[in-house]
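Given next are the chains, with one letter for each unit.
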Amino acid sequence: MRVYGGRGRGRLGFVNALLLCSNPKISDPVRFYVDTGASRTTISDRDVVRLGIDYAQLEESSIPSFGIGSRRVKTYRLRNVLLVFRVVGGGFYIERVSVISVLKHEPRTEEEREIVDQIPSLLGTDILQKYVVRFTPKRVVLEK
């Protein structure tokens, strides 16, 4: 089973997945940048807005993330998520994820807000460890 992604900003690899969750109700695509240095898969602030996620419906995590200037970032838990990947040759592969972290930065300046708005959602090693990850000049490949 093979999933192809692309190369985006700064030639970073990304994969697209349909994110499905029943509580809160979400059924939308998300572009996840492949980050072998991230221990957890995370949904960025900009995707939180686009997906219409209400932080009040989520459980706050006791494990913080770190953001701009190494400041702590409030982190929430999105539980029982399905990530649906389109596979090479047709069809789909479903990755069941017990928890995805949801970030909530609190920028202090307009400059920080602009930076936060550029932070992508990340596919971390909690999921990537299940795949062989390869980078080519034009794409990223996840393979099982």
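See the structure printed just above.
### Notes on the overall build of the chain
- When helices and strands are counted, the chain shows three helices and twelve strands.
- Against the compact-globule benchmark of 15 Å for 144 residues, the chain has a radius of gyration of 15 Å, which places it among compact chains.
- Principal-axis analysis of the C-alpha atoms places the extent of the chain at approximately 45 × 35 × 25 Å.
- A buried classification covers 41% of the 144 residues belonging to the chain.
- Taking the contacts inside the chain whose residues are at least 6 apart along the sequence as the reference set, 58% of them involve residues at least 24 apart.
- Taking the 24 positively charged and 16 negatively charged side chains of the chain as two groups, their mean positions are separated by 8 Å.

### Here we look at the pattern of salt bridges
- Summed over all chains, the structure comprises nine salt bridges.
- Note that Arg 2 is salt-bridged to Glu 143, the shortest N-O span being 2.9 Å. Pair noted here: Arg 2 is in strand β1 (residues 2-4) and Glu 143 is in strand β12 (residues 140-143), with a separation of 141 residues, a long-range link.
- Notably, a salt bridge pairs Glu 95 with Lys 144, separated by 3.8 Å at the nearest N-O pair. On the criterion of sequence distance, the pair formed by Glu 95 in strand β9 (residues 92-104) and Lys 144 in the segment after β12 is long-range, its members being 49 residues apart.
- Overlapping salt bridges, with partners in common, bring together Arg 2, Arg 134 and Glu 143 in one network.

### A word on the environment of Phe 135
- Summarising the element assignment, Phe 135 is placed in strand β11 (residues 132-135).
- Taking the relative accessible area as the measure of exposure, Phe 135 reaches 43% and is therefore partly exposed.
- Expressed as a C-alpha distance, the spacing of Phe 135 and Tyr 4, which sit 131 residues apart in the sequence, is 9.9 Å.
- Ignoring sequence-local partners within four residues, the contact set of Phe 135 consists of Arg 7, Gly 13, Val 34 and Val 140.

### Looking at the pairing of β12
- As paired elements, β1 and β12 share three bridges and run antiparallel to each other. Considered in β12, the bridge of Val 3 is made with Leu 142.
- In sequence, β11 turns back onto β12 through a hairpin of four residues.

### Notes on the packing of aromatic side chains
- Taken as a whole and judged by the stated rule, the model has two aromatic pairs.
- Aromatic side chains Phe 14 and Tyr 33 sit 5.8 Å apart centroid to centroid with 50° between the ring planes, which places their arrangement in the tilted category. Of this pair, Phe 14 sits in strand β3 (residues 13-22) while Tyr 33 sits in strand β4 (residues 25-34), and the two are 19 residues apart along the sequence.
- Its relative accessible area of 9% is what places Phe 14 among the buried residues.
- Owing to a relative accessible area of 7%, Tyr 33 belongs among the buried residues under this scheme.
- Plain terms: the ring middles of Tyr 55 and Tyr 76 are 5.0 Å apart, the flat faces sit at 45° to each other, and that makes the pair tilted. One end of the pair, Tyr 55, is in the loop between α1 (45-51) and β6 (59-60); the other, Tyr 76, is in strand β8 (residues 72-86), with 21 residues separating them in the sequence.

### Some remarks on the pairing of β8
- Relative to β8, β3 runs antiparallel, the two sharing four bridges. Of the residues in β8, the one forming a bridge with Cys 21 is Val 81.
- Here β6 pairs with β8 via two bridges, running antiparallel. Paired with Glu 59 across the strands is Arg 77, a residue of β8.
- Pairing of β8 with β9 involves twelve bridges; the strand directions are antiparallel. Bridge pairing in β9 places Arg 86 opposite Phe 92.

Conventions used here
Residues numbered from 1 in each chain as written. Predicted model: local features only at pLDDT ≥ 70, side-chain atom pairs only at ≥ 80, totals over all residues. Heavy atoms only, no water. Helix = DSSP H or I, 4+ residues; strand = E, 2+ residues; numbered from the N terminus. Rg over C-alpha atoms; globule rule 2.2 N^0.38 Å. Buried < 20%, exposed > 50% of the residue type's maximum accessible area, 1.4 Å probe, protein only. Contact = heavy atoms within 4.5 Å. Lys, Arg positive; Asp, Glu negative; His and termini not counted. Charge placed at Lys NZ, Arg CZ, Asp CG, Glu CD. Salt bridge = Lys/Arg side-chain N within 4 Å of Asp/Glu carboxyl O. Pairing = 2+ DSSP bridges. Phe/Tyr/Trp six-rings, centres within 6.5 Å; stacked < 30°, edge-to-face > 60°.

None of the figures reported here should be taken as evidence of function without further support.
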